[in-house]
Amino acid sequence: PLDTLRFNHDGQIMAMASSRAKDCLRLVHVPSRTVFANWPTAKTPLHNVSAMDFSPKSRFCAIGNAKGKVLLYRLDHYA
């Protein structure tokens, strides 16, 4: 089950994640209802996502995991 759901600043991207499954995070382009297939990849070290959010202008996405790490990713589309 999903336990984290966030929208970016303009509502175009929805992020959803589950802390119960390893590497379970998906980004959805809301206007087209399309899941981004190119990220995260199988090599993205997310582990069990416990929290996530977008920066105020969506330039970055911060993802916290059960290992106590916060991963920061730049979203090039908004940079």
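Relevant structure appears above.
Reading the values: the criteria
- Residues numbered from 1 in each chain as written.
- Predicted model: local features only at pLDDT ≥ 70, side-chain atom pairs only at ≥ 80, totals over all residues.
- Heavy atoms only, no water.
- Helix = DSSP H or I, 4+ residues; strand = E, 2+ residues; numbered from the N terminus.
- Contact = heavy atoms within 4.5 Å.
- Pairing = 2+ DSSP bridges.
- Axes fitted to C-alpha atoms, helices over the stretch in contact; angles between N-to-C directions.
- Buried < 20%, exposed > 50% of the residue type's maximum accessible area, 1.4 Å probe, protein only.

Digging into the environment of Cys24
For step 1, the next point in the chain: Position of Cys24 among the secondary structure elements: in the loop between strand E2 (13-17) and strand E3 (25-29).
For step 2, the next point in the chain: C-alpha of Cys24 to C-alpha of Lys67: the two residues are 43 residues apart in sequence and 15 Å apart in space.
For step 3, the next point in the chain: Sequence-distant contacts of Cys24, defined by excluding residues within four places in its chain, comprise Met16, Ala17, Ser18 and His47.

Some thoughts on the sheet that holds strand E1 (residues 4-7)
For step 1, the next point in the chain: Taken in spatial order, the four strands of this open sheet run E1-E2-E3-E4, and their pairing is antiparallel. This sheet does not close on itself; its edge strands, each paired only once, are E1 and strand E4 (34-35).
For step 2, the next point in the chain: Of the pairings in the sheet, the one linking E1 to E2 comprises four bridges and is antiparallel in character. Within the sheet, the bridge partner assigned to Arg6 lies in E2 and is Ala15.

As for the pairing of strand E6 (residues 60-65)
For step 1, the next point in the chain: Sheet topology note: the strand E5 (residues 49-54)/E6 ladder contains five bridges and is antiparallel. Note that in E6 the partner of Val49 across the bridge is Asn65.
For step 2, the next point in the chain: Where E5 folds back on E6, the antiparallel hairpin that results is connected by five residues, among which Ser58 adopts a positive phi of roughly 65°.
For step 3, the next point in the chain: Here E6 pairs with strand E7 (residues 70-74) via five bridges, running antiparallel. From the neighbouring strand, Ala62 faces E7, where its bridge partner is Leu72.
For step 4, the next point in the chain: Between the end of E6 and the start of E7, which pair antiparallel, lie four residues, with Gly68 showing a positive phi angle near 85°.

Here's the deal with the environment of Met16
For step 1, the next point in the chain: With respect to the element layout, Met16 can be found in strand E2.
For step 2, the next point in the chain: Between the alpha carbons of Met16 and Met52 there is a distance of 8.8 Å; along the sequence they are 36 residues apart.
For step 3, the next point in the chain: Not counting residues up to four positions away in its chain, the partners in contact with Met16 are Leu2, Thr4, Leu5, Cys24, Leu25, Arg26 and Val28.

So, the sheet that holds E5
For step 1, the next point in the chain: Taken in spatial order, the three strands line up as E5-E6-E7 in an open sheet, and their pairing is antiparallel. Two strands close off the open sheet at either side, each with one partner strand: E5 and E7. Neighbour-to-neighbour, the strand axes of this sheet turn through a mean angle of 15°, independent of strand direction.

Here we look at unusual backbone geometry
For step 1, the next point in the chain: With an omega of -5°, the peptide bond running from Trp39 to Pro40 counts as cis.
For step 2, the next point in the chain: Mapping Pro40 onto the fold places it in the loop between E4 and E5.
For step 3, the next point in the chain: A positive phi is found at Asp23, a non-glycine position, where the angle reads about 60°.
For step 4, the next point in the chain: Relative to the helices and strands, Asp23 is located in the loop between E2 and E3.
For step 5, the next point in the chain: For Asp23, a relative accessible area of 25% puts it in the partly exposed group.

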